[in-house]
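Per-entry structural report
So the chains spell out like this:
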Amino acid sequence: MSNQQVIVKDPHLCEPFINGRDTGRLLHDLGAMLSLLNPQMLTHPILDFGAGSCWITEAIARMGHRVTAFDIHPDLQGCITGRTSADKRIDASLISYARGDGHAMPFAGDKFGHLLCYDTLHHMHDFDAVFREFSRVLVPGGRAIFVEPGAKHSTSAETIAFLELKKHDPTWIERDIVLEEINHCAMVAGLSELVLMPAGHPSAPPLFSLRDWLSLRRGNLLARNKFAKQLANLNYDQRVIFYAVKP
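Here's what I pulled together on the structure shown here. (Residues numbered from 1 in each chain as written. Predicted model: local features only at pLDDT ≥ 70, side-chain atom pairs only at ≥ 80, totals over all residues. Heavy atoms only, no water.)

**Side note on the overall build of the protein**
- Across its full length, the protein carries 9 helices and 7 strands.
- Taken along the three principal axes of its C-alpha coordinates, the protein extends 55 × 55 × 40 Å.
- Put simply, the protein has 247 residues, and 42% of those count as buried.
- Contacts in the protein between residues far apart in sequence, at least 24 positions, make up 75% of those at least 6 positions apart.
- For the protein, the exposed surface amounts to about 13200 Å²; the carbon and sulfur share of it is 57%. (Helix = DSSP H or I, 4+ residues; strand = E, 2+ residues; numbered from the N terminus. Buried < 20%, exposed > 50% of the residue type's maximum accessible area, 1.4 Å probe, protein only. Contact = heavy atoms within 4.5 Å. Areas by Shrake-Rupley, 256 points an atom, 1.4 Å probe, with all protein chains shown as cover.)

**A few points about the packing of helix α2 (residues 23-35) against helix α3 (residues 55-62)**
- Running from N to C, α2 and α3 point in directions that differ by 50°, and their axes come no closer than 12 Å. Between α2 and α3, the interaxial angle falls into the category oblique. Handedness of the α2/α3 crossing: right-handed. Mapping the contact onto sequence places Leu26, Leu30 and Leu34 in α2 and Trp55, Ile56, Ala59 and Ile60 in α3.
- Per-class residue counts for the contact of α2 with α3 are 7 nonpolar, no polar and no charged. (Axes fitted to C-alpha atoms, helices over the stretch in contact; angles between N-to-C directions. Parallel < 35°, antiparallel > 145°, perpendicular 65-115°, else oblique. Left-handed = near helix turned anticlockwise from the far one by under 90°. Nonpolar A, V, L, I, M, F, W, Y, C, P; charged D, E, K, R; others polar.)

**Topic: helix α4 (residues 76-86)**
- For α4, the full list of buried residues reads Leu76, Ile80, Arg83 and Thr84. All buried residues of α4 project into a common sector of 95° when viewed along the axis, lining one side.
- Contacts made by the buried residues of α4 are with α3, β2 (67-71) and β3 (95-99). (Arc of directions from axis to C-beta.)

**Considering the nonpolar core**
- With 30 residues, the main nonpolar core has Phe49, Leu115, Leu121, Phe131, Phe134 and Phe242 as its most contacted residues.
- Of all the secondary structure elements, the ones that give two or more residues to this core are β1 (46-49), β4 (112-118), α5 (127-137), β5 (138-149), α7 (179-188) and β7 (239-245).
- When residues of this core are assigned to their parent elements, the largest contribution, 5 residues, is made by α5.
- Here Phe134 is in contact with Phe49, Met105, Leu115, Leu121, Phe146 and Leu191, once residues within four sequence places are set aside.
- Core analysis: the next-biggest nonpolar cluster, separate from the first, contains 26 residues, Trp55, Ala61, Ile95 and Tyr118 among them. (Core = buried A, V, L, I, M, F, W, Y, C linked by side-chain atoms within 4.5 Å.)

**Considerations on the environment of Leu37**
- Structurally, Leu37 is set in the loop between α2 and β1.
- With relative accessibility at 10%, the residue Leu37 sits in the buried group.
- Distance from Leu37 to Pro198, taken between C-alpha atoms, is 16 Å for residues 161 residues apart in sequence.
- Setting aside chain neighbours within four positions, we find Leu37 in contact with Leu42, Ile46, Met63, His114, Leu116, Arg143 and Ile145.

Next comes the structure, spelled out in structure tokens:
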């Protein structure tokens, strides 16, 4: 038995941090997502779209906000109960859940102030239908916030290896998130133009010696152009953080 198996009594409560994914990246990107919450819309409940193990649902409840976990998998209640039972500091009354298909959600219109979509959009079969649903369930002024892989996701070595593990499931899909395509879907659905949040990737952050950083700050054009190109490629090809607003 491994040390991890001895220490972790209930691995499900530690998802997604023990399934091989980079913890620094998960927390960094969650922090980026939460920084994009609109304080003026926090009186409305938040939708955790594609909630999975409900780790983001838990984080929102810890912040004191009402949150609804939504996913197609059948045991959302078990995920939530496990988390609230493990830590009594979580106010379970803030959390609700619903199961269903993201292309046709079981919610009334104009319900949520925010919709959080962390690594879920690229599993959707019909972007147009999904964005129509996003627009429908958000209140006017509501914000849909996304953390997703980028335009080269489907052809990355990591994705190809993962799809080999999933080949027994013909419904599983890994799509590229091309910003121009997503922007078109959002605007046709009645949302605003996308607002991007470019950031360095926590799994491979840009690092500088103090000397090199001061040189960049003081106007070294070669260093600035190189840094800008790296950020531009990263925040298009590999991963994207963005939001759209319902007018």
